[in-house]
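Take a look at the letters that make up each chain.
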Amino acid sequence: MRISELAERCGMPLPTVKYYLREGLLMPGVATSATSATYDDRHVRRLGLVRALAAQGLPLEKIKTVVELVDNPRDDLFVELGHAIAALPPYVEGSTGPDYPRARRLLEHLGQIYDPRFAAVAQLEHALAALETAGLRMGHRRIDAYGRHVRAIAELDLELLPTDSREITVEAAVLGTALYEPVLTAMRRLAHQHLAARMFGSGDLPTTGDDPAPNDHQEQQ
């Protein structure tokens, strides 16, 4: 397809697509003449990646980092995924280790890998420090519950991760982290609402599938 058809298929303005091409966010097409090229599904997927990351508020330089990692793999897939995820928020500026004691204790309690080079370790340390500042803490009961359920989610994510190629795997991991985490946050808040309404009472609750079935008297009414 031509670049105009690519823009139409992706629902993006043509100048935006050309800008992404100039900035190296979109890989070049296959040249058919000195002034034209053709594009395919790989370009459609790349524009979807760039647009999704931009919609999450990632600055251009971070999106470029992800794109460069996808296009120019330098390490094994495990390390490459770590680099790609590090390009996603939240960003913890100036946190390069060498040690994160709060995160280390939590991960050791869960029996998980502690590697201070992985960006999420610094993110966890920062989050735990913020809890302490607010006078809160992560007790063992909460750590165990969070750890158990989050690991189950992570196992499913990895099970469903496509492995057709390194490019597709890294793209899917980055998009999954950027786009599924807001879904998890929203679902957690809605679960709080659902349970709190029953715990503290509400006079205007919608009926849901897991509500207790009405008794015979209620059905007759």
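- In the nomenclature of an unreviewed UniProt entry, the chain is known as Merr family transcriptional regulator of Rhodococcus gordoniae.

## A word on the overall build of the chain
- For the chain, the count of helices and strands is 10 helices and 2 strands.
- Across the chain, helices and strands are ordered from the amino to the carboxyl terminus as α-α-β-β-α-α-α-α-α-α-α-α.
- Residues counted as buried form 25% of the 221 residues belonging to the chain.
- Across the chain, contacts joining residues at least 24 apart in sequence account for 56% of those joining residues at least 6 apart.

## As for the pattern of salt bridges
- Per the counting criterion, the structure on display carries 14 salt bridges.
- Put simply, R2 and E5 hold a salt bridge, and the shortest N to O gap is 4.0 Å.
- On the basis of relative accessible area, R2 is assigned to the exposed category, the value being 55%.
- Relative accessible area serves as the criterion here: at 34%, E5 is assigned to the partly exposed category.
- D71 serves as the salt-bridge partner of R46, at 2.8 Å between the closest nitrogen and oxygen. Of this pair, R46 sits in helix α3 (residues 41–55) while D71 sits in helix α4 (residues 60–71), placing them 25 residues apart in sequence.
- Through salt bridges with shared partners, one network takes in R42, R45, R46, D71, E167 and E171.

## Describing helix α9 (residues 166–200)
- The end-to-end C-alpha separation of α9 is 49 Å, in line with the 51 Å expected for 35 residues at 1.5 Å each.
- Along α9, the sharpest kink reaches roughly 30 degrees, centred on Y180 and followed within four residues by the proline P182.
- Those residues of α9 not exposed but buried are E167, T169, V170, E171, A173, V174, G176, A178 and A197.
- The inward-facing, buried residues of α9 contact α3, α4 and α5 (77–86).
- Immediately downstream of α9, the backbone of G201 shows phi near 90 degrees, a positive value.

## So, the packing of aromatic side chains
- The tally for this structure, following the rule as stated, stands at 1 aromatic pair.
- With a centroid separation of 6.1 Å and 45 degrees between ring planes, the pair formed by Y19 and Y20 is classed as tilted.
- Owing to a relative accessible area of 33%, Y19 belongs among the partly exposed residues under this scheme.
- The cationic tip of K62 hangs over the ring face of Y91; the distance from NZ or CZ to the ring centre is 4.8 Å.

## Considerations on unusual backbone geometry
- A cis amide bond links P89 to the next residue, P90, at an omega of 5 degrees.
- By the secondary structure assignment, P90 is in the loop between α5 and α6 (101–110).

## Here's the deal with a nonpolar patch on the surface
- A cluster of nonpolar side chains, contributed by Y180, V183 and M187, occupies part of the molecular surface with about 340 Å² of accessible area.
- In this structure, V183 sits in helix α9.

## Quick notes on the side chain of E167
- Topologically, E167 is positioned in helix α9.
- Beyond its immediate stretch of four places on either side in the chain, E167 contacts M27, R42, R45, R46 and V70.

Cut-offs applied
Residues numbered from 1 in each chain as written. Predicted model: local features only at pLDDT ≥ 70, side-chain atom pairs only at ≥ 80, totals over all residues. Heavy atoms only, no water. Helix = DSSP H or I, 4+ residues; strand = E, 2+ residues; numbered from the N terminus. Buried < 20%, exposed > 50% of the residue type's maximum accessible area, 1.4 Å probe, protein only. Contact = heavy atoms within 4.5 Å. Salt bridge = Lys/Arg side-chain N within 4 Å of Asp/Glu carboxyl O. Expected span 1.5 Å × (residues − 1). Bend = angle between axes of the 7 residues up to and from the residue. Phe/Tyr/Trp six-rings, centres within 6.5 Å; stacked < 30°, edge-to-face > 60°. Lys NZ or Arg CZ within 6 Å of the ring centre and 35° of its normal. Patch = residues over 30% accessible without salt bridge, like charges linked within 9 Å, V, L, I, M, F, W, Y side chains within 5 Å. Areas by Shrake-Rupley, 256 points an atom, 1.4 Å probe, with all protein chains shown as cover.

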